Each structure stands twice: as structure tokens, then as C-alpha cells.
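Residue-level listing of the chains:
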Amino acid sequence: DNIQLKRFDEAEKILLEATSKDPADAEILVNLLSCYANQRKPVSKTSPVLEQIRKLAPKHRVLEQLDSCGAVFDKVAASFVPAS
């Protein structure tokens, strides 16, 4: 597996080809998102993939984990807001 071997450029090519053949496969998109994250791709690349996953599999475990992390971040960030 190219992602596990950290061959992200190769993995990206294969995953993009796979999404062109089956754009509704959420697992392929999750792997593509992981690949992009490991390559530190900009939000302009990751956001459309993330939104597609949200449409296809709104209860996917990766989305649940991301949302959970986001909630924790928001809670922690709120604790640093100076009191008025």
C-alpha cells in the first residue's frame, strides 16, 4: 500500500484514477484525503474531498473523529478568549 509506505505521490495518482472510475466510493475519498493530509496539501485541495465524503457518508468514522477534534479545539480555544 503506497500510503503505508509513504509513497504519497504514487498513492495520489492511483486514488485520483480510482475516484474517476467510482466517484461515489467514500473509502477511496477518505484515503485520498489522508494522502493529501500527509502531503500537507492546501485547504483548496482537501476541502472539496472532505465535503464529498460528508455528502456520501455523513456518519463515516473519519468525519466523526474530525468533528470530535474540532469540538475539542473550539472548547480549548474558547478558554483563551479574554474576559470582557
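Data block above holds the structure.
Report follows, based on the coordinates. (Residues numbered from 1 in each chain as written. Predicted model: local features only at pLDDT ≥ 70, side-chain atom pairs only at ≥ 80, totals over all residues. Heavy atoms only, no water.)

A closer look at the packing of helix 3 (residues 43-56) against helix 4 (residues 61-78)
Then, number 1: At a minimum axis separation of 10 Å, helix 3 and helix 4 run at an interaxial angle of 115 degrees. As for the relative orientation of helix 3 and helix 4, their crossing is left-handed in sense. Of the residues in helix 4, those in contact with Leu50, Ile53 and Arg54 of helix 3 are Leu63, Leu66 and Asp67.
Then, number 2: Partitioned by chemical class, the residues of the contact of helix 3 with helix 4 number four nonpolar, no polar and two charged. (Axes fitted to C-alpha atoms, helices over the stretch in contact; angles between N-to-C directions. Helix = DSSP H or I, 4+ residues; strand = E, 2+ residues; numbered from the N terminus. Left-handed = near helix turned anticlockwise from the far one by under 90°. Contact = heavy atoms within 4.5 Å. Nonpolar A, V, L, I, M, F, W, Y, C, P; charged D, E, K, R; others polar.)

A few points about the packing of helix 2 (residues 26-38) against helix 3
Then, number 1: Their axes nearest at 9 Å, the elements helix 2 and helix 3 cross at an angle of 155 degrees. Between helix 2 and helix 3, the angle falls in the class roughly antiparallel. Remark: the crossing between helix 2 and helix 3 carries left-handed chirality. Touching Ala26, Leu29, Val30, Leu32, Leu33 and Tyr36 of helix 2 are Lys45, Thr46, Val49, Leu50, Gln52, Ile53 and Leu56, all from helix 3. (Parallel < 35°, antiparallel > 145°, perpendicular 65-115°, else oblique.)

Honestly, that's just the spatial picture; any functional story needs more than this.
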